[in-house]
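Residue strings, one per chain:
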Amino acid sequence: MAVDAINFQSLRNYNAGLTVDYDFGPVTLTSVTAYWNGDLRSRGDIDGGFGNAFAPPFGPGFIPFSAQSQDDVPNLDQFTQELRIASTLGGRINYQGGFFYFNEKLRVQSLDFNNPTDPLPSAIATQRQGSEAFGFFGSANYRFPFGLTLRGGLRYNNDTRNFVAARPVDTRPGFLGFGGPVPDQRANVGSDIVTWDVSLTQKINDDINFYARVARGYRAPSIQGRLTFGRTLSVARNERTLSYEGGFKTSFFNNKLRFNINGFYFSTDDLQLTAVGGTSNFTTLLNARNVEGSGFEAELEATPAPRFFVTASVSLNNTRINDPNLFVAGCAAACTVLNPQRPGSPGIYNINGNALPQAPKWIANWTARYSVPFRGGEVYGLTDWAYRSRIQFFLYDSVEFSSNYQLEGGARVGYRVGKWDFAAFARNITDMVAATGGIDFNNLTGFVNEPRIVGFEVGFKY
């Protein structure tokens, strides 16, 4: 068997929310309060096989060493509060404004085990992070007599994070190169920025609307400190995005045919990226000087005949990293990296010009459903299909840690009457096997999509 370690996952979360509205006549005051709490435990066998070179037999393929790790979130507390005021009189002008507050306390514990079934860890790393953010926002829209609606919004954002990580326990042999325990490592980040958006919608006629939008977005700075295998923290600066979008929304034949299409472009400065694995089993944050993306999306919904409904969508997504000075570590396994190596630095590769990981150029989906009345209910059949083109799993591009394409379809045939639904179903009808991700710090470990599943289902709605 390919799994010879302990695998489990458990998650608990709780939340409470309170929304209060008060009508002042011309405006409404709204308060939205929410609290979340949760904990998580997750342990997994991540070496992609059984045994290893030091404890044969092993397989499939070459397993240099066993790898089992566990991440726990003993506690996550999150509190949010929003206060906003919005106009209620209607008319040509409408507006809203408000305040938002966010506070989070997070603890993470990461464990490493020498042997697959060890009950006690050989290394323990801890993380504590406190995050606080607040913002003021406002927006207004004006509807012109000739069908044009103009909207604008403005927001001030302030974010701070305090982070402490350590590795208080490390009894692993010295030849592994982890260097023993790590004292407290600290980092503090913060930023403030103004973001905005402007959009317009033009009603051309009863069937066609045109819209366009330009916006400035923002992501707060981040800290990463998974010190189970590393000894230093990494920090990513805030990222800023300028995006453009425009398109048409249409509806014809009494809503029996809907067709929407739009094009988009974005440019992000200091995009936050995550370098996972490579020559070591830890995560590093970094910033790309600039990343561009462009493409289009089109979607169709149609009812060509009574009780016959079809949908289809397609999107083109081009992404490109623009940073000639951005280098990352390649795979520790024997993979074929397609990016140029940095002169004098074996195993370090330049990723300028790469697409973003897990970002296929083409995505398509289509569905069809048909039903006929039968004895007070309906007999129905439906099918759905999804396609995506080639993806790379990591920031560097390689032959092995990529997937050429994935096409999956499903079908369902059933009888629905009253509150009951009886159906036979199949998922991944063609039983296609496609890689969806990988682990590259040890060997050529990959994970794939779900196999074909066929079954029968009885449902009841009450």
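Structure shown above.
A brief structural summary.

Conventions used here
Residues numbered from 1 in each chain as written. Predicted model: local features only at pLDDT ≥ 70, side-chain atom pairs only at ≥ 80, totals over all residues. Heavy atoms only, no water. Helix = DSSP H or I, 4+ residues; strand = E, 2+ residues; numbered from the N terminus. Buried < 20%, exposed > 50% of the residue type's maximum accessible area, 1.4 Å probe, protein only. Areas by Shrake-Rupley, 256 points an atom, 1.4 Å probe, with all protein chains shown as cover. Lys, Arg positive; Asp, Glu negative; His and termini not counted. Charge placed at Lys NZ, Arg CZ, Asp CG, Glu CD. Disulfide = S-S within 2.5 Å. Polar contact = N/O pair within 3.5 Å; in protein donor to acceptor, adjacent residues only side chain to side chain. 1 Å grid on protein atoms, 1.4 Å probe; cavity = no way out; pocket = protein on both sides within 12 Å on 5 of 7 lines; lining within 4 Å. Points joined across faces, edges and corners; volume = space filled by probe spheres on them. Nonpolar A, V, L, I, M, F, W, Y, C, P; charged D, E, K, R; others polar. Core = buried A, V, L, I, M, F, W, Y, C linked by side-chain atoms within 4.5 Å. Contact = heavy atoms within 4.5 Å. Patch = residues over 30% accessible without salt bridge, like charges linked within 9 Å, V, L, I, M, F, W, Y side chains within 5 Å. Salt bridge = Lys/Arg side-chain N within 4 Å of Asp/Glu carboxyl O.

Regarding the overall build of the chain
Then, in step 1: Scanning the chain for helices and strands turns up zero helices and 27 strands.
Then, in step 2: Seen along its three principal axes, the alpha-carbon backbone of the chain occupies a region of about 75 × 55 × 50 Å.
Then, in step 3: Evaluated residue by residue, the chain yields a buried proportion of 39% over its 462 residues.
Then, in step 4: Split by element, the accessible area of the chain, about 24,900 Å² in all, is 60% carbon and sulfur.
Then, in step 5: In the chain, 41 positive and 40 negative side-chain charges are present, and the distance between their average locations comes to 4 Å.

Let's talk about the state of the cysteines
Then, in step 1: All chains considered together, the criterion is met by one disulfide.
Then, in step 2: Through a disulfide, Cys-331 is tied to Cys-335; the S-S separation comes to 1.7 Å. Its torsion about the S-S bond being -90°, the disulfide of Cys-331 and Cys-335 is classed as left-handed. For the pair shown, Cys-331 and Cys-335 are each scored as buried.

Some thoughts on the environment of Gln-81
Then, in step 1: By the secondary structure assignment, Gln-81 is in strand β5 (residues 68–87).
Then, in step 2: Judged by relative accessible area, which is 16%, Gln-81 ranks as buried.
Then, in step 3: Gln-81 sits 221 residues away from Ala-302 along the chain, and the two C-alpha atoms are 42 Å apart.
Then, in step 4: Separated by 2.4 Å, the side chains of Gln-81 and Thr-33 make a polar contact.

Some remarks on the layout of surface pockets
Then, in step 1: When its volume is computed, the largest pocket comes out at roughly 630 Å³.
Then, in step 2: Around the largest pocket, the lining comprises 26 residues; the ones closest to its centre are Phe-65, Ser-66, Asn-114, Leu-176 and Phe-178.
Then, in step 3: Put simply, the parts of the chain that give the lining of the largest pocket at least two residues each are β3 (50–52), β5 and β6 (93–113).
Then, in step 4: For the lining of the largest pocket, the residue count by class is 14 nonpolar, 10 polar and two charged.
Then, in step 5: Each pocket or cavity is described by its volume, and for the second largest pocket that value is around 300 Å³.
Then, in step 6: Around the second largest pocket, the lining is made up of 18 residues, and of these Ile-46, Ser-69, Asp-71, Arg-226 and Asn-281 lie nearest the centre.
Then, in step 7: Of all the secondary structure elements, the ones that give two or more residues to the lining of the second largest pocket are β2 (27–45), β5 and β25 (435–439).

Quick look at the environment of Arg-84
Then, in step 1: Within the fold, Arg-84 resides in strand β5.
Then, in step 2: Taking relative accessible area as the criterion, Arg-84 reaches 27% and is therefore assigned partly exposed.
Then, in step 3: Sequence separation between Arg-84 and Gly-138 is 54 residues; the distance between their C-alpha atoms is 9.0 Å.

Quick notes on the nonpolar core
Generally speaking, a soluble globular protein has its nonpolar side chains buried in company with each other.
Then, in step 1: Leu-273, Ile-321 and Tyr-396 are the most contacted members of the largest nonpolar core, which totals 21 residues.
Then, in step 2: Taken together, the elements giving at least two residues each to this core come down to β14 (257–276) and β15 (283–305).
Then, in step 3: Not counting residues up to four positions away in its chain, the partners in contact with Leu-273 are Thr-284, Leu-285, Leu-286, Ala-288, Ile-321, Leu-326, Leu-356 and Leu-395.
Then, in step 4: Core analysis: the second largest hydrophobic core is formed by eight residues, Ala-165, Val-182, Val-189 and Leu-227 among them.

Let's talk about a negative patch on the surface
Then, in step 1: On the surface, a cluster of negative charge is made up of Glu-245, Glu-297, Glu-299 and Glu-301.
Then, in step 2: Element by element, the count of residues in the negative patch is highest for β15, at three residues.
Then, in step 3: Assignment of secondary structure puts Glu-297 in strand β15.

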